[in-house]
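# Remarks on the overall topology
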Amino acid sequence: MTGIAAVAAMLAAITCTAAHAEDPDIVSRRVSQRTDFTDAEIKDGFFKIAFNAELQLGTPTERVRKFDEPVRIFLDGKGEPDRRPEIEAVIADIRARVNHLDVAVTDDRQAANFIVRLVAARDVEPTIRSLYGHDKARRIQHTLNPQCLSGIARDRRFRIRRAEVILPVDAGDFTFYDCAYEELLQALGAINDDRSVPWTMFNDDVQMGFFDVYDQYLLNILYDPRLRPGMTKAEVSARLPDVISTARTWVGNANLPRHADNRQAPVESD
């Protein structure tokens, strides 16, 4: 899968409800996932995923990009089947597994700073053109050929101020969840894909369909309040030992058996 993380010139499973059994491919990946990582492995992945962008349409930057305000997500659902209940469950799962992240669904589109567009698979490409215009859409299609997409817009202080995600509702359960987790998380600031990190969903050769432990570490590091939007790699590196220690405690508690468990890439603009 692929995605977009940057566009103000920067485009930026879950244990299902009883009525919806979890996809067998997701179950097998959840059971077989690696869960024990060294600090060096976590640090390497964080620097590769959080500081670059798979497709950056504006000026390249290597800074922390994240929301520093409550994230309110509006679900724009036009496709069939109706996937809004599943997306609400994915968002709740992310909220439960990332400390210091205030994220929730809103019914008020004007109050939202994050839009999830649920469309038929045949409408993904037309939706990209409608959002980004013909020229940018052609570059996106040529570079990424995405089946789902995320984009972010950030301000001069590298604060994400708007995010858009496009998801295909009729592509099958595994693809839907794989796209949903990856695109939602990339639109929160984990905006790069890197094939050299084998444990992350932010790798075009890896499909998960749920919020795996390794990526929980990356998002908990990103949303630790000691890391501010605009920080450089050197500034983050100085704080990282303590931040990783805190993330280990949170991720460990979030994955105790009592918790329910439950992903593509983004575009960036400045």
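Right above here is the structure, for reference.
Presented here is an overview of the structure given in this document. (Residues numbered from 1 in each chain as written. Predicted model: local features only at pLDDT ≥ 70, side-chain atom pairs only at ≥ 80, totals over all residues. Heavy atoms only, no water.)

## Things to note about the state of the cysteines
All told, the structure shown has 1 disulfide when counted by the stated rule. Across the disulfide, Cys148 is cross-linked to Cys179 (sulfur-sulfur distance 2.1 Å). Judged by the sign of its S-S torsion, about -80°, the bond between Cys148 and Cys179 is left-handed. Here Cys148 is found in the loop between helix 4 (124-144) and strand 5 (149-154), whereas its partner Cys179 is found in helix 5 (residues 173-187), with 31 residues between them in sequence. Like Cys148, the residue Cys179 is buried in the burial classification. (Disulfide = S-S within 2.5 Å. Helix = DSSP H or I, 4+ residues; strand = E, 2+ residues; numbered from the N terminus. Buried < 20%, exposed > 50% of the residue type's maximum accessible area, 1.4 Å probe, protein only.)

## Concerning the environment of Gly77
Here Gly77 lies in strand 2 (residues 71-77). Here Gly77 falls in the partly exposed class, since its relative accessible area comes to 36%. A C-alpha to C-alpha distance of 9.1 Å links Gly77 and Val169, two positions 92 residues apart in sequence.

## Remarks on the pattern of salt bridges
If you walk through the whole model with that rule in mind, you get 23 salt bridges. One salt bridge connects Asp44 with Lys48, and the closest N-O pair in it is separated by 3.2 Å. Of this pair, Asp44 and Lys48 both sit in helix 2 (residues 39-50), separated by 4 residues, roughly a single helical turn. Since its relative accessible area comes to 33%, Asp44 is described here as partly exposed. Between Arg83 and Asp173 there is a salt bridge, with the nearest N and O atoms lying 3.0 Å from each other. A residue pair is termed long-range when its members are at least 10 positions apart, and Arg83 in the loop between strand 2 and helix 3 (84-97) and Asp173 in helix 5 qualify at 90 residues. (Salt bridge = Lys/Arg side-chain N within 4 Å of Asp/Glu carboxyl O.)

## Concerning the packing of aromatic side chains
Considering all chains together, one arrives at 10 aromatic pairs under this definition. With centroids separated by 5.5 Å and ring planes inclined at 45°, the aromatic side chains of Phe47 and Phe51 adopt a geometry described as tilted. Residue Phe47 is classed as buried on the basis of its relative accessible area, which comes to 13%. Centroid distance Phe176 to Tyr177: 5.6 Å. Interplanar angle 75°. Geometry classified as edge-to-face. Every member of this aromatic cluster is reached through a ring pair, and the members are Phe37, Trp199, Tyr214 and Tyr217. Lys66 extends its terminal NZ or CZ atom over the ring of Tyr223, reaching a point 5.1 Å from the ring centre. (Phe/Tyr/Trp six-rings, centres within 6.5 Å; stacked < 30°, edge-to-face > 60°. Lys NZ or Arg CZ within 6 Å of the ring centre and 35° of its normal.)

## Digging into the nonpolar core
Within soluble globular proteins, side chains that are nonpolar tend to cluster in buried spots. Of all hydrophobic cores here, the largest spans 65 residues; its most connected members are Phe46, Ile94, Phe114, Leu167, Leu188 and Leu219. Looking at this core, the elements that each hand over two or more residues are helix 2, strand 2, helix 3, strand 4 (114-119), strand 6 (160-168), helix 5, helix 6 (213-222) and helix 7 (233-254). With 9 residues, the single largest contributor to this core is helix 5. Apart from the residues within four sequence positions on either side, Ile94 is in contact with Leu101, Tyr181, Leu184, Leu185, Leu188 and Phe211. Judged by nonpolar contacts, the second largest core, of 9 residues, contains Tyr132, Ala137, Ile140 and Leu144. (Core = buried A, V, L, I, M, F, W, Y, C linked by side-chain atoms within 4.5 Å. Contact = heavy atoms within 4.5 Å.)

So far we have only geometry, and geometry alone does not tell us how the molecule works.
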